[in-house]
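Understanding the architecture of this molecule
Listed here are the chains, written in short residue letters.
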Amino acid sequence: MIDCEFSNKIKITKNNGENIELDQRRVKIRENENGLMGMSYVAPVFESMDLENFFDDVLSSENLMMDIGGTGDFKVSFRGIVEGKGKNFPQNLDHKIILLQEPKFLDPRMNVQVTGFSRFVTPEERFG
């Protein structure tokens, strides 16, 4: 058994090394089959202001690194931030949705996204 603990933080790092850490207990992540992630973040207003300031100079499609719980960095592309709607939160809480896209492997021969495999598959099994 692995003897380590995961952190409660999601860390997003810009190319210049600047980063922001979000508390996982305030984040819900949804991802579709094309790798587009919506990170719903509900936090006190001052924390959401820090979030907006962090992403203020980030261009759409700019590559960032993301680490969930200390499991290791992976690349994502920034797509934007939108205001969350739907639920009535107290005045001191704010709801933001951070849109990120994770690159996925595309098979150039078929131009079809390869996803959902739970085991390693040989090329003969996949294409032959």
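Residues numbered from 1 in each chain as written. Predicted model: local features only at pLDDT ≥ 70, side-chain atom pairs only at ≥ 80, totals over all residues. Heavy atoms only, no water.

**Brief notes about unusual backbone geometry**
Heads up, the condition is: A helix here means a DSSP run of H or I that spans at least four residues, while a strand means a run of E at least two residues long, and both kinds are numbered starting from the N terminus. Here's how the labels work: a residue is buried when its accessible area is under 20% of the maximum for its type, exposed when over 50%, partly exposed in between, all with a 1.4 Å probe on protein chains only.
The backbone of S61 shows a phi angle near 75 degrees, a positive value even though the residue is not glycine. You can see S61 is positioned in the loop between α1 (45-55) and β5 (63-68). Overall, S61 belongs to the partly exposed group, its relative accessible area being 43%.

**Quick look at the nonpolar core**
As a rule of thumb, soluble globular proteins bury nonpolar side chains together. As a reminder of what qualifies: Residue types Ala, Val, Leu, Ile, Met, Phe, Trp, Tyr and Cys, when buried and joined through side-chain atoms within 4.5 Å, form a set referred to as a nonpolar core. Contact definition: two residues touch when any of their heavy atoms are within 4.5 Å.
Counting 19 residues, the largest nonpolar core has I12, L22, M39, F55 and L100 as its most contacted members. Going through the elements one at a time, β1 (9-13), β2 (19-23), β4 (36-44), α1, β5, β6 (73-83) and β7 (93-101) are the ones with two or more residues in this core. Ranked by residue count, the leading element in this core is β4, at 4 residues. Apart from the residues lying within four places of it in its own chain, the contact partners of I12 are E18, N19, I20, L22, M39, F54, F55, L64, M65, M66 and L100.

**Thoughts on the sheet that holds β6**
As a reminder of what qualifies: Note on pairing: two strands pair once DSSP finds at least 2 bridges between them. Only the contacting stretch of a helix is used when fitting its axis, a line to C-alpha atoms as for every element, and angles between N-to-C directions run 0 to 180 degrees.
Ordered in space as β2-β1-β5-β6-β7-β4-β3, the 7 strands form an open sheet in which the pairing is antiparallel. Across the chains shown, the open sheet's two edge strands, defined by having one partner strand only, are β2 and β3 (27-31). Geometrically, the sheet is characterised by an average inter-axis angle of 35 degrees between neighbouring strands, direction not taken into account. Pairing geometry for β6 and β7, over 6 bridges, is antiparallel. Its bridge partner being in β7, V82 is matched across the sheet by I97.

**Some remarks on the packing of aromatic side chains**
The condition is simple: Two rings from Phe, Tyr or Trp (for Trp, the six-membered ring) form a pair when their centres sit within 6.5 Å of each other. Planes less than 30 degrees apart are called stacked, planes more than 60 degrees apart edge-to-face, and all others tilted.
One pass over the structure, following the stated rule, counts 2 aromatic pairs. Between F54 and F55, the aromatic rings sit 5.0 Å apart at their centres with planes inclined by 85 degrees, giving edge-to-face as the arrangement. Across the pair, exposure class does not vary: F54 and F55 are buried alike. Where F55 meets F78, the ring centres are 4.8 Å apart and the plane angle is 10 degrees; that geometry is what we call stacked. Of this pair, F55 sits in helix α1 while F78 sits in strand β6; the two residues are 23 residues apart in sequence, bridging distant segments of the chain. Here F55 and F78 have matching classes, each one buried.

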